[in-house]
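Descriptive structure summary
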Amino acid sequence: MQVSSIGWLGSISIFAAFMLADSVVADGGIRSWGAGLTNTSVFPDYGQSAPPSSLLNATAIAAGWTHSIAILPGGAVSAWGSNVNNLGTAVNQSVVPSTLGTCTSIGAGFYHSAAVKTTGTVVCWGDNRYGQSTVPATVGTCTKVAGGGYHTIAIKTNGLVACWGAGTVFGGVNPDQGQSIVPATLGTCTQIAGGGYHTVATRTDGTVVCWGSNVYGQCSVPSTLGACTQVAAGDTHTVALKTTGTVVCFGGGSTNSGIFPEWGESIVPSSLGACTAISAGGYHTVAVKADGSVAAWGAGTGAAIVSPNYRQSLIPAEQALANSTSAIAAGGFHTMAISKIRQVPSQYATIQAAIDACSPFDTVSVAAGTYAGPIIFGGKNIVVRGAGASSTIITGTGGATTSVVRVVNGEPATARLEGFSIRGGQTGTPIPGNASALAGGGIFLYQTSATIANCAVELNGAAFGAGIYALYCAGVIENCTIRKNSGDSYGGGMQLFDCSTIVRNCVISNNTTVTAGGGMHIVQAPTSNFSPQIINCTFGGNTTVDRGGGISWQAGTVPLQLVNCSITSNSAPIAGGGVYVYPSGGVNRLTLSNTTVCGNTVRPNISGLYTSDSLSTVCDCAGDVDGNGLVNAADLAILLSVWGTNAAGFPSADTNRDGLVNGPDLSRLLSSWGICAP
Ligand SMILES: [Ca+2]
Ligand SMILES: [Ca+2]
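Residues numbered from 1 in each chain as written. Chains lettered and ligands numbered in written order. Predicted model: local features only at pLDDT ≥ 70, side-chain atom pairs only at ≥ 80, totals over all residues.

What follows covers the overall build of the protein. Counting its regular elements, the protein contains 6 helices and 60 strands. Each principal axis of the C-alpha atoms in the protein carries an extent, and together these give about 105 × 50 × 45 Å. Relative to its 678 residues, the protein shows a buried fraction of 57%. (Helix = DSSP H or I, 4+ residues; strand = E, 2+ residues; numbered from the N terminus. Buried ≥ 20, exposed ≤ 12 C-beta atoms within 10 Å, placed from the backbone.)

So, about unusual backbone geometry. A cis amide bond links Ser307 with the next residue in sequence, Pro308, at an omega value of 10°. Within the fold, Pro308 resides in the loop between β20 (294–298) and α3 (317–321). Thr601 connects to Val602 through a cis peptide bond whose omega is 0°. Although it is not a glycine, Arg311 sits at a positive phi angle of roughly 65°. Even without glycine at this site, Asn479 takes up a positive phi of about 55°. Looking at where Asn479 falls in the secondary structure, it is placed in the loop between β39 (476–478) and β40 (481–483). Among the residues examined, Asn479 registers 17 C-beta atoms within 10 Å and is labelled partly exposed.

Further remarks concern the pairing of strand β51 (residues 560–563). Residues Leu560 and Leu562 point to one face of β51 and are all buried, whereas Gln561 and Val563, pointing to the other face, are not buried. One ladder, built from 3 bridges, connects strand β47 (residues 533–535) with β51; its direction is parallel. In the strand pairing of β51, Gln533 is matched with Gln561. (Pairing = 2+ DSSP bridges.)

Here the focus is the sheet that holds strand β10 (residues 151–156). Spatially, β9-β10-β11 is the arrangement adopted by the 3 strands of the open sheet, whose pairing is antiparallel. Whereas interior strands pair on both sides, the edge strands pair on one side only; in this sheet they are β9 (142–147) and β11 (161–165). Ignoring strand direction, the axes of neighbouring strands in this sheet form an average angle of 20°. Inspection of the sheet shows β10 paired to β11 by 5 bridges, in the antiparallel sense. Each bridged residue has a counterpart across the sheet, and for Thr152 the counterpart in β11 is Trp164. (Axes fitted to C-alpha atoms, helices over the stretch in contact; angles between N-to-C directions.)

Considering every residue of the protein, the mean pLDDT works out to 90; 93% of them sit at 70 or more. Taken as a whole, residues 1–27 scores under 50 in pLDDT and shows 90 contacts with residues more than four places along the chain or in a different chain. (pLDDT = per-residue confidence, 0-100. Contact = placed C-beta atoms within 7 Å.)

As summarised here, the arrangement of the 3 strands in space is β15-β16-β17, forming an open sheet in which the pairing is antiparallel. Of all the strands in the sheet, the pair left with one neighbour each is β15 (228–233) and β17 (247–251). Taking each pair of neighbouring strands and ignoring which way they run, the sheet shows an average axis angle of 20°. Examined bridge by bridge, strand β16 (residues 237–242) and β17 share 5 bridges and lie antiparallel to one another.

Between helix α5 (residues 633–641) and helix α6 (residues 663–671), the shortest axis-to-axis distance is 11 Å and the interhelical angle comes to 175°. The orientation of α5 relative to α6 falls into the category roughly antiparallel. Together, Asp635, Leu636 and Leu639 of α5 and Asp665, Leu666 and Leu669 of α6 make up the contact between the two elements. For the contact of α5 with α6, the residue count by class is 4 nonpolar, no polar and 2 charged. (Parallel < 35°, antiparallel > 145°, perpendicular 65-115°, else oblique. Nonpolar A, V, L, I, M, F, W, Y, C, P; charged D, E, K, R; others polar.)

Note that Ser53 resides in the loop between β2 (29–34) and β3 (60–63). On the basis of neighbour count, Ser53 is assigned to the exposed category, with 6 C-beta atoms found within 10 Å. Separated by 362 residues in the primary sequence, Ser53 and Ala415 have C-alpha atoms spaced 16 Å apart.

The side chains of a regular strand alternate, residue by residue, between the two faces of the sheet. Of all 6 residues that make up strand β22 (residues 334–339), 6 are buried, and the element is covered over most of its length. Here β22 shows a buried face lined by His334, Met336 and Ile338 and a second buried face lined by Thr335, Ala337 and Ser339. Summarising the sheet, β2 and β22 pair through 6 bridges and their orientation is antiparallel. Bridge pairing in β22 places Arg31 opposite Ala337. Bridge count between strand β21 (residues 327–330) and β22: 4 bridges; the pairing is antiparallel. The partner of Ala327 across the bridge, within β22, is Ile338. A loop of 3 residues connects β21 with β22, the two strands running antiparallel in sequence.

Now for the environment of Trp80. Here Trp80 lies in strand β5 (residues 77–81). In this structure the C-alpha to C-alpha distance between Trp80 and Ala70, which are 10 residues apart in sequence, comes to 9.0 Å. Leaving out residues up to four positions away in the same chain, Trp80 has contacts with Gly47, Gln48, Ala50, Pro51, Pro52, His67, Ser68 and Ser94.

Below, the discussion takes up the environment of Ala648. Of note, Ala648 is situated in the loop between α5 and α6. The spatial distance from the C-alpha of Ala648 to the C-alpha of Gly608 is 8.8 Å, given a sequence separation of 40 residues.

Here is the structure:
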């Protein structure tokens, strides 16, 4: 029985298969798209496009029908995605055997996985209904392995090809199509690939040989093909990369009728040009062009999700721009690509030299050591990753008008700086529109959504935002320590100006400045609707000679949110030892959720309007208008002096923080008359 007689509709899960040879590269980070971005466990969405977050780079990738597999630097193997076959039976194709050890080659079949260990031994796991995961004892040591639909192919150490699994007879009961019967005349080979029911190999002399099912012409090698360097196989089609760089397809998908198996996967785009790598998915084909960008055709080129179109050929814009794709793998309905990692200092002497060489989605990996700033992202959507804040240091050069790191050209949230100590910036960068003001001695962020993570920003100086200054930004600053920075104006540790930045899981400590905001100064223009959030942060030991020891906040139209924060032991002699909220009209300019503001000097711990939930603690007594720890006639006199106003000059006279000084405030003052609780 041929697959075409089964048909497409209603039988997705029983007919198909495909496969591909693995792709090996020096190193890289994985990007994935198509089916499996979430994990609904509903076919074909099994998380196969969501590599483990801990998987930062890979040296090889392979894609099964609904799962993915990679070799990590050092040789360990990781797999993710489906663990069931087409009948819903658990076969654990994504569960790597604990005894596998390090490997040099991987392959993926429809529902099984294969790997060549460093020792040359082949190991298979997953679906084994056709013996595809039982390696024959006669195979011996191998150099490469590939998965077919229900069969496995390997190149032995002597160059000869071995096959096992389905297809040991020809024309038998599906899926036996002879795909495991190696032609006696094949000889030694350099490349192999398994399709749904066929096998393709490149001989040592570059000629291409196919065997197994030829129902769609997938084994009818064009007589004009010539020498090839790589082959790939989809469910019913074959892809070959000629030595000239030209891509040739044959078999299913030579039209785009939308009737199985014709989804145009064999129609090579006329504009393709020379390529360096190919892969075949179920019903789509992908290639890495000579310029390093990715091309895809066949199923999944449109936005609509109608089987078999799962956007697997809709290359993400950022990957389309990535002129550094070094490997690609296509699965049943998904696609994976590896972009380059540029090593400092082994490949590039300086961090900036590596950044300058980057294409979008490259990663710069920096070994432990001390490096000189300034570091400038220059608008690139890249990851710059140090070995950790305790060991990888970028220092200021002490030069004029610069910051240690500048990210100022619209970088998106996927642009990341992580794992560094940023220290010793002495001057900062001129603020756009205010060139005489220098800001961001450590990190200067402008019109960017870049992510700053796992950094220590310390011992920097500047007028504004001595540690970090951000203007017109969004994005996330997380898991950072911002400490011992020293400002000459606002924001000793950090300043955010008209930003929707989220600062989370950070420790802001022992920073100082001479105006407001020892730890952090946040400004929103009066009409601004930016929405900054401070989540899971600790402010301690920050000082200023003015207002807002921990935080000073100049409100726009949206409240500042403090969530799960602790603000203690900060100091500001004029007002708001913990937090100073500038009077700017209206109410509820600061909202506290599960946040503690205690033990700051001077009292009140929070000066200005705020609201707080029942989980929050603010260690102030309502009637202590002048913050001296005592409620007495002096406080009463102040309250009466601003009676009927919004208490702009003495915000704490508005004891119930409703924006108007009147009877209820007086009642609260009188009810707390005497010595405040500590
Ligand atoms: Ca008082
Ligand atoms: Ca009031």
